[in-house]
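Inside the fold
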Amino acid sequence: MLAYFNGEILAAEQIAISMDDRGFLFGDALYEVVHVYRGQLFAWDLHMQRLGQGLAELRYPDVRLEGLKAAAVALLREVEDEEVLVYIQISRGVQPRSHLFPGPSTPPTVLVWARPLVPLDAQVVAQGVSTVTAVDDRWAKVWIKTVGLLPNVMAKQAANDQGAFDAILVRDGMVTESTSANVFIVEAGVLRTAPVTNYILPGITRHIVLELAGELGMKVNLRPFSVAEMMNADEVFLTGTTTEVLAVREVDGHAIRRVGATSQKLLQALHRRANQI
Ligand code: PDD
């Protein structure tokens, strides 16, 4: 397998991350995951925009994002699967361990790889997935897509240990998102999802699904919802780069009234959009 590392395409075995890399030591790194449909990088510009906002918020010195696309395209020549994921990670670079930032001339560590996406079983997608709720105990800046995903990892594993597909995170009684996707409900034909605040990741798929909903004439309500409102909703679904649009059939053992009517329409619209690029 090949990967892009600091300006070069290398065999994966040749890549070694320094013991002093700040991504490794402090989680001082940002990442993006891009879905590739039939060789095309989907929503690339939106991913780069979010990455740029994260870099600015974390006060990284100027990182040139232009080379990333060429790197991704070069790696995609090696992976011929119909659906692929491109992963991009940028850390603040290498410096003997110190909480303080390194000098502005320290280059960032940039890694890009492409791997085949293993799609969920079609039957799982059709039936919807079961979920559990979990306390959202992440820090208050989860809108920045850092690699500091330990709370997400712990919640996802706890869900898996209970036989569920994912955990839906709850802060002060309100649903924020899931461990790696945004959460929508449908109430009397109206889509509802949490508004973008510092407590959710502004998902690219969320953004596109809201656009598609508009095109399909669906009404949208950007207001936070409680666990009780989610339990009483007509539908619940997740959105994300790897998740796409995925129906939820169960939350904490409670069956959701309906599975798939709206989410299937949006998934089809997402696929139409992805295949047009
Ligand atoms: N996760 N919320 C969280 C916490 C996420 O980690 C993700 C994506 C999303 C959905 O965002 P988008 O639609 O831009 O993928 C929401 C990626 C895919 C991951 O960690 O693998």
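Heads up: these notes are all about the structure in this document. (Residues numbered from 1 in each chain as written. Predicted model: local features only at pLDDT ≥ 70, side-chain atom pairs only at ≥ 80, totals over all residues. Heavy atoms only, no water.)

1. Notes on the side chain of threonine 193
- Mapping threonine 193 onto the fold places it in strand E11 (residues 190–193).
- The exposure class of threonine 193 is buried, given its relative accessible area of 2%.
- A polar contact of 2.7 Å, which involves the side chain of threonine 193, links it to the backbone oxygen of valine 183.
- With sequence-adjacent residues up to four places away left out, threonine 193 is seen in contact with Val183, Phe184, Arg206, Leu210, Asn221, Leu222, Arg223 and Phe225. (Helix = DSSP H or I, 4+ residues; strand = E, 2+ residues; numbered from the N terminus. Buried < 20%, exposed > 50% of the residue type's maximum accessible area, 1.4 Å probe, protein only. Polar contact = N/O pair within 3.5 Å; in protein donor to acceptor, adjacent residues only side chain to side chain. Contact = heavy atoms within 4.5 Å.)

2. Notes on the environment of valine 248
- Inspection of the secondary structure assignment puts valine 248 in strand E14 (residues 244–251).
- Residue valine 248 is classed as buried on the basis of its relative accessible area of 0%.

3. Some points on the sheet that holds strand E6 (residues 109–116)
- With respect to topology, six strands assemble into an open sheet ordered E2-E1-E6-E5-E3-E4, the strand pairing being antiparallel. Whereas interior strands pair on both sides, the edge strands pair on one side only; in this sheet they are strand E2 (8–11) and strand E4 (40–41).
- Sheet analysis places strand E3 (residues 29–37) next to E4, joined by two bridges and oriented antiparallel. Looking at the pairing, valine 36 lines up with leucine 41 of E4.
- Here helix H2 (residues 44–57) sits on the sheet in contact with E3, E4 and strand E5 (83–91), set at roughly 180 degrees to E3.
- Across the sheet, helix H3 (residues 66–76) touches strand E1 (2–5), E2, E3, E4, E5 and E6, and the angle it forms with E6 is around 35 degrees. (Pairing = 2+ DSSP bridges. Axes fitted to C-alpha atoms, helices over the stretch in contact; angles between N-to-C directions.)

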